[in-house]
Amino acid sequence: ALRAIDWMNILEVDSSPPVYPVSDARRTGSVSRLRMAQITPWGLTNIGADSVQIYKHFSGTGVKVAVLDQGAWVTHPDLNIVGCHDYFGAGSDCVVQGPHGTKVAGVIGAQNNSIWTLGIAPDANIYSVRVCDLAGCPGSAVYDGLVWAKSHGMDIVNLSLGSCGGEVCFTQSGLLYPMASDGIMLVADSGNA
């Protein structure tokens, strides 16, 4: 039916891990009705990551990744969220899930398990660190998230924070350099702080 539409040129399945409303998961207690067969995102194939993931040292095994964002859906069946922290009141309870944090966690570590999508490091241990709320990413929360990541021995810290204030504040930059010197890999999206 879609091919019959004269303006239809391309139909592509979204390669991002699906993000469903938290209320659906809470109401049904399950997300099994929402599952789809696993796909390998073109970006993963483009950089050759899919061909080397068979080797444990390229699949993220033993690597601790902190995702500083708005929090992730910590019970998502395609993610291995092993720990979390929330700087907006929940502490280590991690009761808040955010669509962007879930997507970022999926790009990094969606598991190789036949559902949804495959992440760049499917065997990595992902830590959801909520430093953003609907109003943005306060510098103090980002700073505290960086301190948390350093003190909890993270190997990689992802900062896909969008334009939450425009630039890194002085106190944050004072942490970033020593963290990098200590061997912690700091990753930010192009155009992010």
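None of the values given here were measured: they were computed from a predicted structure.

## Structural notes on the state of the cysteines
(1) Moving on: Per the stated rule, a full pass over the model turns up one disulfide.
(2) Moving on: Note on cysteine connectivity: Cys132 is disulfide-linked to Cys137, with sulfurs 2.2 Å apart. As the torsion about the S-S bond is roughly 100 degrees, the Cys132-Cys137 disulfide counts as right-handed. The two residues Cys132 and Cys137 agree in class, both being buried.

## Some words on the confidence of the model for the protein
(1) Moving on: Scored by pLDDT, the protein has a mean of 80; 79% of the residues are at 70 or more.
(2) Moving on: Mean pLDDT across the elements of the protein ranges from a minimum in helix 1 (residues 22-28), with 41, to a maximum in strand 1 (residues 64-69), with 96.
(3) Moving on: In the model, residues 15-33 has pLDDT below 50 throughout and makes 30 contacts with residues more than four positions away in sequence or in other chains.

## A look at the nonpolar core
(1) Moving on: The biggest cluster of nonpolar side chains holds 20 residues, and the ones touching the most others in it are Leu68, Val131, Leu146, Val157 and Leu159.
(2) Moving on: At the level of elements, strand 1, strand 3 (125-130), helix 5 (139-151), strand 4 (156-159) and helix 6 (170-181) are the ones that each hand at least two residues to this core.
(3) Moving on: With five residues, helix 5 is the largest single contributor of residues to this core.
(4) Moving on: Within the second largest apolar cluster, eleven residues are counted, among which are Ala72, Ala121, Ala124 and Ile126.

Cut-offs and rules
- Residues numbered from 1 in each chain as written.
- Predicted model: local features only at pLDDT ≥ 70, side-chain atom pairs only at ≥ 80, totals over all residues.
- Heavy atoms only, no water.
- Disulfide = S-S within 2.5 Å.
- Buried < 20%, exposed > 50% of the residue type's maximum accessible area, 1.4 Å probe, protein only.
- pLDDT = per-residue confidence, 0-100.
- Helix = DSSP H or I, 4+ residues; strand = E, 2+ residues; numbered from the N terminus.
- Contact = heavy atoms within 4.5 Å.
- Core = buried A, V, L, I, M, F, W, Y, C linked by side-chain atoms within 4.5 Å.

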